[in-house]
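Next come the chains, spelled out residue by residue.
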Amino acid sequence: MPKHETPLMDDLEKGPWPSFVSDLKRQAEKNPQCWDIIGQMELSFKDRMTHWKHGGIVGVFGYGGGIVGRYSDVPEQFPGVAHFHTVRLNQPSSKFYRTDLLRKMCDLWEKRGSGMTNLHGSTGDLILLGTRTEELEPLFYDLTHDLEWDLGGSGSNLRTPECCIGKARCEWSCYDTQATCHGMTMKYQDEIHRPAFPYKFKFKFSGCPNDCVAAIARSDLSAIGTWRDNIRINQDEVKKYISGENVPNGGGIPAKAKKFDIQKEVIDLCPTGCMWMEGDALKIDDAECTRCMHCLNVMPKALRPGVDQGASVMMGAKAPILDGAQLGTLVVPFIKMDPDNEFEELVDVIEKCWDYWMEHGKNRERLGETIQRIGLPTFLRVMEIEPIPQHVKEPRSNPYVFWREEEVEGGWQRDVKEFRKKHAQ
Amino acid sequence: MALSIEELKEKIMEKALKGPKTQLYVKDFYACDPEAKPRAVKNAANDLVKEGRMVFWSSGSTTMYAAKERAQKEQD
Ligand code: HEM
Ligand code: HEM
Ligand code: SF4
Ligand code: SF4
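Within every chain, residues take consecutive numbers counted from 1 along the sequence as written. A letter from A marks each chain and a number from 1 marks each ligand, given out in the order of writing. With pLDDT at 70 or above as the cut-off, local features in this predicted model cover only qualifying residues; side-chain atom pairs require 80 or more to be listed or tallied, and sums for whole chains, interfaces and linings still use all residues. Computation of side-chain values covers all heavy atoms of the structure but excludes hydrogens and water.

Colleague: What is the right way to look at the nonpolar core in this model?
Modeller: The nonpolar side chains of soluble globular proteins are, as a tendency, buried together. Among the nonpolar cores identified, the biggest contains 57 residues, and Phe-201, Phe-203, Met-315 and Trp-354 of chain A together with Ile-12 and Met-54 of chain B are the most heavily contacted of them. Take this core: its biggest share by element is eight residues, from helix 12 (residues 344–360) of chain A. Beyond its immediate stretch of four places on either side in the chain, Ile-12 of chain B contacts Phe-29, Cys-32, Val-41, Ala-44, Ala-45, Leu-48 and Met-54 of chain B. By nonpolar core we mean a set of buried residues, namely Ala, Val, Leu, Ile, Met, Phe, Trp, Tyr and Cys, connected to one another through side-chain atoms within 4.5 Å. Here the term buried applies to any residue with accessible area under 20% of the maximum for its type, exposed to any over 50%, and partly exposed to those in between, with areas from a 1.4 Å probe on protein chains only. Think of it this way: any DSSP run of H or I at least four residues long counts as a helix, any run of E at least two long counts as a strand, and we number them from the N terminus. Here a residue-residue contact requires only that any non-hydrogen atoms of the pair lie within 4.5 Å.

What follows is the structure, given as structure tokens:
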């Protein structure tokens, strides 16, 4: 039986879409404290303000990340949610779960928490919603000992790394995103669980520019797979697309009534205009290609990424906390992603940027905001990277790369008297 | 000369116990030893958490450090 009158919440059950309110009510039959969540939310709707108190001392022994503390500011009314901490579990790379582990996790959470989960939070972790402070240590013990499962990141920590499905199932992947994601998770355990940074830091890994985990929009440092050489073209398959024997877009877009038109649907849509036909052969001026993936997506049987593969590194994406939302800026055009040398080139990029940001980033300032504050030219110098035209964002307002004195032969110290002799005042 | 880790830990505790602010960012501790690398300072602060002399205070998005007694008093 519902414990509270909740007309406003009930309203959210109407309509054709699934409702979290219905889910909450179903769970409340099993776990009556869930009625208090619905009750407290109803009150928030009425009062037009949240009744969650922000933050507090939480965490399990020695961990400064993985648990987000929340307390109710009306605990007498809603004792079931007096404490309502969420727990972040580190999801496996590409979210390949073993079902037996998922079942055990659900059982454990019924016992130690609300039983409600969220797969997945926007950082990527598996989220367990709502438990009391005294349940945290026992939960952590069972998680790590019985399920061999660790917490993810929260707070001013490295957040749980995240990757696309990569080479496991995707022919476009230009590097092994899962090996990278798992490798970095293991290497940076300390940064995930013990706060080290001015603010949160995320990295995400996509195997190609399709960027299925939206790394460019959501991570302070994203590695997006790419290639340095030429797109591989199979001209026989190109002909089959033109003749209609091959279905465009892998059949993913419902076949249109009209015949596939390579000029209209591929060549004219190439953002750099670097493709053309010579007779019935498709040509690409690869030096102009920006690796947007459009042509490869439309004709996957005919076109494949080049063979000299690696990743581009973008930095500074963030949500609109200060200023607006920001996409990552290309910082390192190409690095090799090699598990045999433990992703040495990537690690080098990560640590160079951390060393600077940890010291010079302001409190609660994301990397993207630091870059904005000091300017991209300064940041490139920190990263020891030569500027290239792709680093220039607005040619009219920021067209110059300035020389520094050590780069100019003879420097720019001069004898003013000598100078004035030639240039009268 | 950078301080030894024990000296650094004592400086951090002093700041956490006597400073005007109860809750401190990890960066606030860098001043305890300007010679030390940020990571060394973080490790010292984390040692103090493991020893139970400091606790983490987190909003979920930002984590701060606090001396245990002071933070506990504030929370209750
Ligand atoms: C070899 C000789 C010259 C060189 C290399 C040169 C170079 C440049 C450059 C690089 C700019 C900036 C363009 C931009 O903002 O996109 C510029 C702008 C300008 N130059 Fe020259 N310049 C030369 C001779 C002259 C002369 C002889 C005059 C006038 C008598 C002149 C008048 C201007 C003016 C008025 C602008 C500003 C245009 C604007 O703001 O859009 N320049 N010049
Ligand atoms: C008392 C005399 C002058 C004053 C107060 C003056 C002032 C200025 C100012 C305030 C600017 C804008 C600077 C900026 O964009 O930050 C400017 C630009 C410019 N002035 Fe003058 N100016 C004087 C004389 C001259 C003379 C005699 C010439 C040419 C023979 C000249 C050529 C230019 C040019 C070409 C620009 C544009 C530079 C650019 O686009 O970057 N000015 N001036
Ligand atoms: S980002 Fe690219 S490699 Fe990764 S799953 Fe998507 S299409 Fe495949
Ligand atoms: S990947 Fe994009 S830019 Fe490159 S050739 Fe294909 S459509 Fe053009």
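Colleague: What is the right way to look at the environment of Asp-28 of chain B in this model?
Modeller: Along the chain, Asp-28 of chain B turns up in the loop between strand 1 (23–24) and helix 2 (38–50). The exposure class of Asp-28 of chain B is buried, given its relative accessible area of 14%. For Asp-28 of chain B and Thr-63 of chain B, which are 35 residues apart along the polypeptide, the C-alpha to C-alpha distance reads 12 Å. Those residues in contact with Asp-28 of chain B that lie beyond four places of it in its chain are Asn-363 of chain A together with Lys-15 and Lys-21 of chain B. A polar contact is formed between the side chain of Asp-28 of chain B and the side chain of Lys-21 of chain B, at a distance of 3.4 Å. Any N or O atom pair separated by 3.5 Å or less is treated as a polar contact, with the protein-specific requirement of one donor-capable and one acceptor-capable atom, and with residues adjacent in sequence counted only for side-chain atom pairs.

Colleague: It is not clear to me how unusual backbone geometry should be interpreted in this structure. Could you clarify?
Modeller: Glycine aside, residues mostly have negative phi angles, and peptide bonds mostly take the trans form. All names here are of chain A. Residue His-120 is reached from Leu-119 by a cis peptide bond, and omega for that bond is 0 degrees. Mapped onto the elements, His-120 comes out in the loop between strand 6 (116–119) and strand 7 (126–129). Of note, Ala-214 is a non-glycine position whose phi angle comes to about 50 degrees, a positive value. Its place among the elements puts Ala-214 in the loop between strand 9 (203–206) and helix 8 (215–218). By relative accessible area, which is 31% here, Ala-214 ends up partly exposed. Of note, Glu-342 is a non-glycine position whose phi angle comes to about 50 degrees, a positive value. One can find Glu-342 in the loop between strand 16 (329–335) and helix 12.

Colleague: Which parts of the structure should I look at to understand helix 13 (residues 367–374) of chain A?
Modeller: All names here are of chain A. Among the residues of helix 13, those classed as buried are Leu-367, Gly-368, Glu-369, Thr-370 and Ile-371. On its buried face, helix 13 sits against strand 15 (309–315), helix 12 and helix 14 (376–382). A positive phi of about 90 degrees marks Gly-375, the residue just after helix 13.

Colleague: Is there a simple way to think about helix 3 (residues 34–47) of chain A in this case?
Modeller: Residues and elements named next belong to chain A. Given a helix with a known number of residues, its expected span is that number minus one, times 1.5 Å. With 14 residues, helix 3 should cover 20 Å at 1.5 Å per step; its first-to-last C-alpha distance of 20 Å lies within 8% of that length. In terms of residue burial, helix 3 counts as a mostly covered element, since 10 of its 14 residues are buried. Looking at the buried side of helix 3, the elements it contacts are helix 1 (7–11), helix 2 (20–30), strand 1 (52–54), strand 4 (70–72) and strand 6. The positive-phi residue at the C-terminal boundary of helix 3 is Arg-48, with phi of around 55 degrees.

Fair warning: the whole summary comes from geometry, so function is off the table for now.
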